Amino acid sequence: MVKICCIGAGYVGGPTMAVIAIKCPSIEVVVVDISKPRIDAWNSDTLPIYEPGLDDVVKACRGKNLFFSTDVEKHVAEADIIFVSVNTPTKTRGLGAGKAADLTYWESAARMIADVSKSDKIVVEKSTVPVKTAEAIEKILTHNSKGINYQILSNPEFLAEGTAIDDLFKPDRVLIGGRETPEGRKAVQALKEVYAHWVPEENIITTNLWSAELSKLAANAFLAQRISSVNAMSALCEATGADVSEVSYAIGKDSRIGPKFLNASVGFGGSCFQKDILNLVYICECNGLPEVANYWKQVIKINDYQKSRFVNRVVSSMFNTVSGKKIAVLGFAFKKDTGDTRETPAIDVCKGLLGDKAQVSIYDPQVTEDQIQRDLAMNKFDWDHPMHLQPTSPTAVKQVSVVWDAYEATKGAHGVCILTEWNEFKALDYQKIFDNMQKPAFVFDGRNVVDAEKLREIGFIVYSIGKPL
Ligand code: UPG
């Protein structure tokens, strides 16, 4: 029986290993993590992350060929294939601060593997890492190898949150990079055989190590670039009277461009896009390619511009001040169907409004008050450094209230900002909301989810992204 161990029971490690377990009954899969509460949660009825379909997959194989454990060393020692899926935050200090990936957790995982291994191992990079990380890992492993053969593979994950299980069941492609030596090819083949249990062979791409590592950063950079491109267009649409939805539809009909990922918004968020692009920028700079670095940096700059443009629009349309005014914020997660707030545009928008002394009342169906207060009290990039930096009990931001109902949030407000595209925001009783708001009543739709014409008939002043007034 092949034994797989995955270090890191997070958004990627947990769901990916659960799917490998359900698709490969002949393989034993153990997910390990140093965090006991996290492992306890994976072993309980309430899993630590919410993904549609995940509960069923875990229930079907947990205790049979899928296990969650804190006994990291034992399971690493026993495994044939070790996936490393630990977090790689952006460095907050030292060389490359604000851009480079912090590989502390990766490095300690590699050292631990070297310490406890007694047999040959295939070590798989699952978390997104800078190009050439495999080389560094290889050095750590082989210099401590005690005669053990290690093969390093890069097998980046492309799942998106909210659709993780579907993405894992039917991936557009699986990418495996390895050394171009006989041992390297053998290791690639071994991992390919795992995925071949359910992924058609033509969808499993094999490349050299560096191509696989770079492809992950490139995929996220291209995806984010599409959003920044359409968001840049949205500013021009607002200035000219064009409608960004019509422009997106028209250009998306070109089969070379395609219709997906062209929705203008208040900005992209999530744990990956910004981090991976910053990382790409840093790699370009280190390789003496400042023009290429600046090109990709612009994707982040437009995203920051889109968020501050949104805040400026709120403040300027409300007679140049929101001081003391109640502003309702509907949606705080970085996208719908998740409670994840990492790098959500809502953080910057709320901080902007608070900077202008607004009273902000926030409602999100999946995000707790505690989380929101922590996010608003935290510095940029601190969220992914769980060991130290995170404030344990942040002083609550007094100008912020978090409520459990959209009607409560909007009661007595001067303006409403929609920052996440939750379906329920389309179906709210806007007449009731209007009746309970201060007049003139403003709606700033950061996700273009409401029917602006209908709201205008009710009496709202509506600003949508990239649309004429
Ligand atoms: N977004 C838009 N407009 C669009 C599409 C997305 O504003 O047309 C925003 C969305 O609201 C969110 C962000 O872009 O804030 C990212 O969305 P999405 O890509 O769906 O979420 P993630 O779960 O962060 O997934 C991305 C990649 C995935 C990769 C993962 C981690 O899509 O392939 O595995 O990041 O690297």
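Computed from a prediction, not measured in an experiment: that's the story for all the values here.

**Some points on the confidence of the model for the protein chain**
Summarising the model, the protein chain shows a mean pLDDT of 94, and 96% of its residues fall at 70 or more. A low-confidence stretch, residues 387-393 (pLDDT under 50), is modelled with 13 contacts involving residues beyond four sequence positions or located in other chains. Model confidence for the complex: the whole-complex pTM is 0.93, and ipTM, which rates the interface, is 0.95.

**A closer look at the site of the ligand**
In the vicinity of the ligand lie 20 residues, with Phe-158, Leu-159, Ser-265, Cys-272 and Arg-447 positioned nearest. One of the backbone nitrogen or oxygen atoms of Gly-269 is found 2.9 Å away from an oxygen atom of the ligand. Relative to its free-state accessible area of 700 Å², the ligand is covered by the protein chains to the extent of 89%. Sort the elements by how many residues they give to the shell around the ligand and helix α9 (residues 209-240) lands first, with four residues.

**Concerning the layout of surface pockets**
Of the voids in this model, the second largest pocket is the one considered here, and its volume is about 240 Å³. Contributing to the lining of the second largest pocket are 17 residues, with Ala-100, Ala-101, Leu-103, Pro-130 and Tyr-282 lying nearest its centre. When contributions to the lining of the second largest pocket are tallied by element, the ones reaching two or more residues are α5 (104-116), α6 (133-143) and α11 (273-286). By residue number, the principal contributor to the lining of the second largest pocket is α11, which donates four residues. Class assignment for the residues of the lining of the second largest pocket results in nine nonpolar, four polar and four charged.

**Describing the nonpolar core**
Of all hydrophobic cores here, the largest spans 60 residues; its most connected members are Leu-353, Leu-376 and Phe-460. Looking at this core element by element, the count peaks at six residues for helix α13 (residues 345-355). If we ignore the near neighbours within four places in the chain, the residues touching Leu-353 are Val-311, Val-314, Val-322, Ile-327, Val-329, Ala-358, Val-360 and Cys-417. The next biggest cluster of nonpolar side chains, apart from the first, holds 41 residues, and it includes Ala-21, Val-57, Val-124 and Ala-164.

**A short note on the sheet that holds strand β9 (residues 326-330)**
Sheets are built from strands paired through backbone hydrogen bonds, the pairs being either parallel or antiparallel. A sheet is described by the order of its strands in space; here six strands give the open sequence β11-β10-β9-β12-β13-β14, paired in parallel fashion. The open sheet terminates on both sides in strands that have one partner only, identified here as β11 (400-402) and β14 (461-464). Each neighbouring strand pair of the sheet contributes to a mean axis angle of 20°, computed without reference to strand direction. Those strands touched by helix α12 (residues 290-317) are β12 (415-418), β13 (442-445) and β14, and its axis lies near 170° from that of β13. Sheet strands in contact with helix α14 (residues 369-377) are β10 (359-363) and β11, and its direction is about 155° off that of β11.

Definitions and limits used
What you see as residue numbers is a count from 1 along each chain, following the sequence as written. Thresholds applied to this predicted model are a pLDDT of at least 70 for local features of residues and 80 or more for the giving and counting of side-chain atom pairs; totals over whole chains, interfaces and linings are not thresholded and use all residues. Heavy atoms from the whole structure form the basis of all side-chain values; hydrogens and water molecules are not counted. Per residue, pLDDT captures the predictor's confidence, and it can take any value from 0 to 100. Only heavy atoms enter the contact rule, under which two residues are in contact if any of them lie within 4.5 Å. The rule for a residue being near a molecule or strand is that one of its heavy atoms must lie within 4 Å of it. Under the rule applied, a polar contact is a pair of N or O atoms within 3.5 Å (in protein, one hydrogen donor and one hydrogen acceptor; residues adjacent in sequence only if both atoms are side-chain atoms). With residues, only the protein chains shown are counted as cover, and all accessible areas are computed by Shrake-Rupley using a 1.4 Å probe. Helix numbers and strand numbers start at the N terminus; a helix is a DSSP run of H or I with at least 4 residues, a strand a run of E with at least 2. Here a cavity is any set of points on a 1 Å grid over the protein atoms alone where a 1.4 Å probe fits but cannot get out, and a pocket is any open set with protein on both sides within 12 Å along at least 5 of 7 lines; a residue lines the site when it has an atom within 4 Å of a point. Grid points are joined across faces, edges and corners, and a volume is the space filled by probe spheres set on the points. Residues are grouped as follows: nonpolar covers Ala, Val, Leu, Ile, Met, Phe, Trp, Tyr, Cys and Pro; charged covers Asp, Glu, Lys and Arg; every other residue, Gly included, is treated as polar. We call a set of buried residues a nonpolar core when its members are Ala, Val, Leu, Ile, Met, Phe, Trp, Tyr or Cys and they connect through side-chain atoms within 4.5 Å of each other. Relative accessibility decides the category of a residue: with a 1.4 Å probe and only protein chains considered, values under 20% of the type maximum give buried, values over 50% give exposed, and everything between is partly exposed. Here a strand pair is declared whenever DSSP counts at least two bridges between the two strands. Axis definition: a line fitted to C-alpha atoms, over the contacting stretch in the case of helices. Angles run 0 to 180 degrees between N-to-C directions.

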